[in-house]
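The chain contents come next:
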Amino acid sequence: MTADAPVLHNPVFEGSEKRVEIDFSFDGPTAAPAGLRGLSREQLDELMTQACCAIVSSRSNDNFDAYVLSESSLFVYPTKWVLKTCGTTRLLYSVPSLLDAAAALGLRPRRCKYTRASFLFPDQQLHPHTGFDDEVCYLDKLFGQLDPAGRQAYILGEDQHGLQWHVYLAGRLDTASVLSRATFNLEMCMTELCTEAAQQFVRTDKFVSSEQTTRDSGIVHLKPGALLDDYVFEPCGYSMNGILGTGFITIHVTPEAGFSYASVELSGCREDVLDPAQVVGRALQIFNPGRISIAMSVDDAGAEGAAEWGCMMSDLPPGYQYQAANRQQLACGGSVLFITLFKAPA
């Protein structure tokens, strides 16, 4: 580089994900029995293009389809759509086309849940992800009419405690329908990963395979028995989906020093999700992060197991302490508990 050449900043990557979960209902007897699973691969590819990502691989079982993306993951049930993307993707840009495609299959939206942690690099985001107010405005135009009494938008946590949790909800869960069982979610966001732990997700000359990385890191034990779909990116980064029954686990890692990040999400009906304290403990052992944010949510606070799901964990792994906790009952019938932890000084 010559003396007068411009100095280029080191590139950074936004690990913190955006997530949208949309529940649908069959709109009359002419609806396609497969529901959203009837979308063609061409339609899915176009929707992902609109969200600024691409499908890398997929797995399926009798209940739903799971896709590893170039930026995070997609899960497609007959009446539920879960799209999670990181980086500078425009996740919400894909939603209008999704609603059109669903309508052509005889499906209508009945509930939308949008969540994300704070962005690590908010100035890099593109509209409508330029701020939570912009995201809420965009979502209101699509879902605000579903049930005005059930529409809410929250930011949980304090910025001085680390990442905050952003929640938008519209519509209600139809608990009278056998198709509408309560969904339980555990979402962990971890920053300041231990250097040794982060290095597991870099393609060095010692790299063997994505499957070996999943085994050696201990990730394979987070959801025993699940059908796994894992990928270590070049030169670094890791994504994994695991599916079992009606539930899934998804993990994404940005290992670069200076902006390291890892997320672990467990989702499904109550019998599909493990003891949250056990999952949190194992994840902290794997990634050894300095700061952790945990959101535990259920879309029906009256469902069996919901009260226990929204409680503080009594036992934390050695070396970690609670920093703050916020619990919010939701007008749409659910609840969310948001916890921040930190690694105590040695």
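Because the structure is predicted, anything quoted here is derived from the model rather than measured. (Residues numbered from 1 in each chain as written. Predicted model: local features only at pLDDT ≥ 70, side-chain atom pairs only at ≥ 80, totals over all residues. Heavy atoms only, no water.)

### As for the environment of L163
What counts is decided by this rule: For the purposes of this entry, the term helix denotes a DSSP run of H or I that reaches at least four residues, the term strand denotes a run of E that reaches at least two, and both are numbered from the N terminus. To sort residues, take the accessible area from a 1.4 Å probe on protein chains only and compare it with the maximum for the residue type: under 20% means buried, over 50% means exposed, and anything in between is partly exposed. Should any heavy atoms of two residues lie within 4.5 Å, those residues are counted as being in contact.
In this structure, L163 sits in the loop between β7 (152-156) and β8 (165-171). On the basis of relative accessible area, L163 is assigned to the buried category, the value being 12%. For the pair formed by L163 and G87, sequence separation is 76 residues and the distance between their alpha carbons is 16 Å. The residues touching L163, leaving out its near neighbours within four places in the chain, are A117, S118, L120, C189, T191, Y261, S293, F338 and T340.

### Observations regarding the layout of surface pockets
Applicable threshold: Computed over the protein atoms alone on a 1 Å grid, cavities are sets of points where a 1.4 Å probe fits but cannot get out and pockets are open sets with protein on both sides within 12 Å along at least five of seven lines; a residue lines them when it has an atom within 4 Å of a point. Grid points are joined across faces, edges and corners, and a volume is the space filled by probe spheres set on the points. By the convention adopted, Pro, Cys, Tyr, Trp, Phe, Met, Ile, Leu, Val and Ala count as nonpolar, Lys, Arg, Asp and Glu as charged, and the other residues, Gly among them, as polar.
Of the volumes computed, that of the second largest pocket is approximately 250 Å³. If you trace the second largest pocket, you find 20 residues lining it, with F13, S70, F233, C236 and G237 closest to the centre. Looking at the lining of the second largest pocket, the elements that each hand over two or more residues are β11 (238-244) and β12 (247-254). Considering each element in turn, the lining of the second largest pocket owes the most residues, three residues, to β12. Class assignment of the residues belonging to the lining of the second largest pocket gives a composition of nine nonpolar, seven polar and four charged.

### Section: empty space enclosed by the protein
Unfilled space is identified by rolling a water-sized probe across the atoms. One pass over the structure, following the stated rule, counts two cavities of 30 Å³ or more. Taken as a whole, the largest cavity spans an internal volume of roughly 80 Å³. As for the largest cavity, its lining consists of 14 residues, of which K113, V167, S297, L330 and V336 are closest to the centre. Those elements that provide at least two residues to the lining of the largest cavity are β6 (107-117), β8, β14 (289-298) and β16 (335-343). For the lining of the largest cavity, the per-class residue count stands at seven nonpolar, three polar and four charged. Where the lining of the second largest cavity is concerned, the elements lending two or more residues are β1 (18-26), β6 and β9 (184-193). At three residues, the largest contribution of residues to the lining of the second largest cavity is made by β6.

### Topic: the confidence of the model for the protein chain
Put simply, the rule is: In predicted models, pLDDT denotes the confidence assigned by the predictor to each residue on a 0 to 100 scale.
Taken as a whole, the protein chain shows an average pLDDT of 89; of its residues, 94% reach a score of 70 or greater. For the protein chain, helix α7 (residues 306-309) is the element with the lowest average pLDDT, namely 84, and helix α1 (residues 41-50) is the one with the highest, namely 98. Note on residues 175-179: pLDDT under 50 across the span, and five contacts to partners over four residues away in sequence or across chains.

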